[in-house]
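# Secondary and tertiary structure notes
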Amino acid sequence: MRRINYTSSCRGVLTMLAFVTGIGSLHAGDETAQSLRHFTRKYCVDCHGIEDAEADFRLDEMQLSLNIPKNFAAWQKVLDRLESSEMPPVDAEQPGKVDRIAAVAALKSALATASESVSRGKVVLRRLNRRQYRNTIRDLLKIDVDLRDPTSAFPADDVLHGFDNIGSVLMMSDFLLKEHLIAARLALDAVPDDGPKPQAQTFRMADRKTGGKAMRGRFVSKFDPVVDDVLFLYINDERAPGDARGQTFDFSPRLPHDGTYEFSFDVESKGRGNYADKFGIGDPPDYQVYSPDELHRLEIYILTPQAGTSPVRRLVEAIDLPDDKRVSFVRTLYLLEGCQVQLAFGNGPIATNSIPYPQRLGYKFIDNPDAVSNNKNRTEIRRKTHELLKQIDAPRIVIHDATERGPLFDRWPPPSRAAVYGKREQSDEEVIRSFAARAFRRPITDDDVAPFLRVAETHPEGVRIAIEAILCSPQFLYLYENDGPLDDFAIASRLSYFLWNTMPDATLVKLASQGRLREPNVLLQQTERMLSDPKSDEFVATFVGQWLKLQNIRDMAPDPTKFSDFYRRRLGDAMVMETEMFFRHILDMNLPIDKFIHADFSFLNAALARHYGIAGVTRTNLTRVRIPVSAHRGGLLGQGAILTASANGVDTSPVTRGVWILENLLGTPPAPPPDDVDIPEPDARGDLTIREFYAKHRTIETCNQCHQRIDPPGFA
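Residues numbered from 1 in each chain as written. Predicted model: local features only at pLDDT ≥ 70, side-chain atom pairs only at ≥ 80, totals over all residues. Heavy atoms only, no water.

### Things to note about the overall build of the protein
Looking only at helices and strands, one finds 25 helices and twelve strands in the protein. For the protein, with 716 residues in total, the buried portion stands at 46%. Put simply, 70% of the contacts in the protein that link residues at least 6 apart link residues at least 24 apart. In the structure as shown, the protein presents an accessible area of about 36,200 Å², 52% of it carried by carbon and sulfur atoms. (Helix = DSSP H or I, 4+ residues; strand = E, 2+ residues; numbered from the N terminus. Buried < 20%, exposed > 50% of the residue type's maximum accessible area, 1.4 Å probe, protein only. Contact = heavy atoms within 4.5 Å. Areas by Shrake-Rupley, 256 points an atom, 1.4 Å probe, with all protein chains shown as cover.)

Below you can see the structure in the form of structure tokens.
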């Protein structure tokens, strides 16, 4: 979208994005054109003329025809520099205030007129990026793609200006085409056969002593003997960041069938804050120290099997537990065959073999502490730990009861079967036609469907191979648009992939078939509806992450040996969630755009609040918190995600942060230094602060041209 200055609310900007482009020009005889010519000759051409074209930018030969994209972009750059008073430079003749205002107003008017009247012309055919493809497969086939991701082997999409949904860089290669063929087959493999309905089974923790072979390996708490009616979670599930060898409560060892499973459990948080001084002593520096001010956190994990490697462990939910109160939970999860569900004490103490848990509490149970690896001593440790936890009020989560039931199906065959293979009474041709229309996101012709019908007729796999071919067709993989003005189906796809990162829903398809999506009031209503739908979280996550370069948090994460809390307390995830929830709140409440810079609220959990030095937050899940002025955390620029993303993983740099602000917030990136210029380093002898060093740096003329713009916002 061409960038014009607007004053608007966040939601208002989003509802008008990218729907207008136009043609326009300033004619040489126009009074405005003559005025701009006079202005640029007097104040600009000395530095940007034939004899001295600073930054390879010439204004003496610049055309005023704004229907040429190159000219439009150049005059937009002139407007930016004039409006910010960056040009002319401070050591050159300056225009008077009236002249500058007049030049800025003339350029704004001309550029706005050009933007509103330029014809759309042809655009690059845009391929679905990896995220959009995965979501579309999910909604088209009605299958789960979180646990079994068909795009896991796809290469990363190319990025332009931080975004991975720009058609000109979304290339197709022979390798990617092969991966699409594989992904289509994997996705269809996830659709269940039309066989007998799997029977649900129920297992209860109370039956674990008498259930025999059927109960072996079920309802097991690691490090806890199977002797009592209750089990304890009393240490953290991770020995170190990502090293899940601590204590867990395990349900089924391996689930027998894909499907929905119901897990219920009665738990109680006990002893919060007690013996806090006993935990963390003697542990490696990257181990978590128990924090008595946090509510005990019960975490639910899914372990998904992977061929030839260890299972992938994914956090599903973290639940804050009230103190000394028995509470019951029921969770329904869609799981794959071979998956396992675990519960864990997410913020519990860490216990290592070097200092056994009972010994931390003062119990001397063996003569030789170094022999703890001995099997007999391990048994004694577990038995004594269990006794101690009953005798003393140490921090723990008590599991009173648990039940597992499944697989459960509301109907059989499940919806994914009908979504792909249609109803039993449909012919193969009807199934293929119906699927192709949904996959191509528009009405189809006989010519569109003919190749797939031939494939089905001549191949042993019949309908299935035709469906695979449809999923590899350009009409599916690309936002396929006819020549000329956009039709309603193209608008439906553009809108849906913009705000939901997936295919249009039934409402958009119906309006498109009625030819109503080009009506401004209908388009506005649908935009508001889609922004209010939870599926727009996809827009928030992708737009915020790519606009603000939050991927840098993962690509250039802090040193784990120096910043262990960043990993142990999942600060990186909390920082990203804070920024996303902050953006979402401004969007939902339709707040002014200046709230991005100055706000008296944010979204924090206990770990992030502690990191910020803000008291009174005890919960795991992020919640809206009032930010005191003294904390300097209001708005994007005080948020941990922004400060981490604009650093380099080792230390902070005002230059890096200044460039980040100019590029991502102001949209006026500095020009790169010329390739052939030798930039000398300033004399940095003596004990200089960072601010003093860069002040010296700006005394070098070739450096000052850029650093006078970069350094101030970077230091701020």
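After that view, the rundown keeps rolling.
### Some points on the side chain of Arg633
Within the fold, Arg633 resides in the loop between strand S12 (623-626) and helix H22 (640-645). In this structure the side chain of Arg633 is engaged in a polar contact, spanning 2.9 Å, whose partner is the backbone oxygen of Gly638. Each residue touching Arg633, except ones within four places of it in the same chain, is listed here: Tyr612, Ile627, Gly638, Gln639, Gly640 and Leu643. (Polar contact = N/O pair within 3.5 Å; in protein donor to acceptor, adjacent residues only side chain to side chain.)

### Brief notes about unusual backbone geometry
Note on backbone geometry: most residues besides glycine have negative phi, and most peptide bonds are trans. Cis geometry is adopted by the peptide bond preceding Pro407, which originates at Gly406 and carries an omega value of 0 degrees. Mapping Pro407 onto the fold places it in strand S10 (residues 396-408). Of note, the amide linkage connecting Trp412 to Pro413 takes the cis form, showing an omega dihedral of -5 degrees. Mapped onto the secondary structure, Pro413 falls in the loop between S10 and helix H9 (415-421). Its identity as a non-glycine residue notwithstanding, Arg570 has a phi of 55 degrees, on the positive side. Looking at Arg570, the relative accessible area reads 26%, which means it is partly exposed.

### Some points on the packing of helix H17 (residues 537-547) against helix H20 (residues 571-589)
Put simply, H17 and H20 touch, their axes get as near as 10 Å, and they point 120 degrees apart. As H17 packs across H20, the resulting crossing turns out to be right-handed. For the pair formed by H17 and H20, the contact residues are Asp537, Phe539, Val540, Ala541, Phe543, Val544 and Trp547 on the first element and Thr579, Glu580, Phe583, Arg584 and Leu587 on the second. Broken down by class, the residue content of the contact of H17 with H20 amounts to eight nonpolar, one polar and three charged. (Axes fitted to C-alpha atoms, helices over the stretch in contact; angles between N-to-C directions. Left-handed = near helix turned anticlockwise from the far one by under 90°. Nonpolar A, V, L, I, M, F, W, Y, C, P; charged D, E, K, R; others polar.)

### Description of the packing of aromatic side chains
The final tally for this structure, using the stated rule, is 22 aromatic pairs. On the numbers, 6.4 Å between centres and 65 degrees between planes, the contact of Trp547 with Phe583 is edge-to-face. Within this pair, whereas Trp547 is found in helix H17, its partner Phe583 is found in helix H20, the two being separated by 36 residues in sequence. Trp547 sits in the buried class, given a relative accessible area of 17%. With a relative accessible area of 3%, Phe583 lands in the buried category. Look at Phe582 and Phe601: their rings are 5.4 Å apart centre to centre, the planes differ by 40 degrees, and that puts the pair in the tilted class. Note that Phe582 is positioned in helix H20 and Phe601 in strand S11 (residues 601-604), a separation of 19 residues in sequence. Classification of Phe582 by relative accessible area gives buried; the value is 0%. Phe601 gets classed as buried once you look at its relative accessible area, which sits at 3%. (Phe/Tyr/Trp six-rings, centres within 6.5 Å; stacked < 30°, edge-to-face > 60°.)

### Focus: the sheet that holds strand S7 (residues 309-320)
Spatial ordering of the open sheet is given by S2-S4-S9-S6-S7, a layout of five strands whose pairing is antiparallel. Two strands close off the open sheet at either side, each with one partner strand: strand S2 (220-221) and S7. Here strand S4 (residues 249-250) pairs with strand S9 (residues 340-345) via two bridges, running antiparallel. Within S9, the position partnered with Asp250 by the bridge is Gln342. (Pairing = 2+ DSSP bridges.)

### Section: helix H16 (residues 520-532)
Because each turn of an α-helix spans 3.6 residues, side chains separated by three or four positions end up pointing in the same direction. The end-to-end C-alpha separation of H16 is 18 Å, in line with the 18 Å expected for 13 residues at 1.5 Å each. Within the sequence span of H16, burial applies to Val522, Leu523, Gln526, Thr527, Met530 and Leu531. Along the axis of H16, the buried residues cluster in a sector spanning 165 degrees; they form a single face. (Expected span 1.5 Å × (residues − 1). Arc of directions from axis to C-beta.)

### Notes on the nonpolar core
Core analysis: the biggest nonpolar cluster contains 54 residues, and Leu517, Leu548, Leu550, Phe582, Phe583 and Leu604 have the highest contact counts within it. In terms of residue count, the dominant contributor to this core is H20 (eight residues). For Leu517, the contacting residues outside a window of four places in its chain are Asp488, Ile491, Ala492, Leu508, Leu511, Ala512, Val522, Leu523 and Gln526. With 39 residues, the next largest nonpolar core counts Val431, Ile470, Leu471 and Cys472 among its residues. (Core = buried A, V, L, I, M, F, W, Y, C linked by side-chain atoms within 4.5 Å.)

### Section: a nonpolar patch on the surface
Where nonpolar side chains cluster on the molecular surface, the patch consists of Met172, Leu177 and Leu181 and spans about 240 Å² of accessible area. By the element assignment, Leu181 lies in helix H6 (residues 174-189). By relative accessible area, which is 47% here, Leu181 ends up partly exposed. (Patch = residues over 30% accessible without salt bridge, like charges linked within 9 Å, V, L, I, M, F, W, Y side chains within 5 Å. Salt bridge = Lys/Arg side-chain N within 4 Å of Asp/Glu carboxyl O.)

### Side note on the pairing of strand S6 (residues 297-306)
Among the ten residues in S6, eight count as buried, and that is most of the element. Sheet topology places S6 next to S7; nine bridges connect them, and they run antiparallel. Its bridge partner lying in S7, Leu303 is registered against Arg313. Between S6 and S7, which pair antiparallel one after the other, the connecting turn spans two residues, and Gly308 there sits at a positive phi close to 80 degrees.

### A few points about the packing of helix H14 (residues 488-499) against helix H15 (residues 506-513)
With their axes 8 Å apart at the nearest point, H14 and H15 run at an angle of 155 degrees to one another. Regarding the angle of H14 to H15, the classification is roughly antiparallel. Crossing of H14 over H15 shows right-handed handedness. For the pair formed by H14 and H15, the contact residues are Asp488, Phe489, Ala492, Leu495 and Ser496 on the first element and Leu508, Val509, Ala512 and Ser513 on the second. (Parallel < 35°, antiparallel > 145°, perpendicular 65-115°, else oblique.)

### A few points about the environment of Arg516
Mapping Arg516 onto the fold places it in the loop between H15 and H16. Overall, the relative accessible area of 32% leaves Arg516 in the partly exposed class. For the pair Arg516 and Asp488, spaced 28 residues apart in sequence, the C-alpha to C-alpha distance is 7.2 Å. Those residues within four positions of Arg516 in sequence are excluded, and the remaining contacts are Asp488, Leu511 and Val522.

### Description of the environment of Arg313
Summarising the element assignment, Arg313 is placed in strand S7. Between the C-alpha atom of Arg313 and that of Leu303, which follows or precedes it by ten residues, the distance is 4.6 Å. Setting aside its immediate chain neighbours within four residues, Arg313 contacts Asp237, Glu238, Ala244, Thr248, Tyr301, Ile302, Leu303, Gln342 and Ala344. Reaching out from Arg313, the side chain makes a polar contact with the side chain of Asp237 at a distance of 2.9 Å. At 3.2 Å, the side chain of Arg313 forms a polar contact with the side chain of Gln342.

Take it as geometry only, folks, not as evidence of what the structure does.
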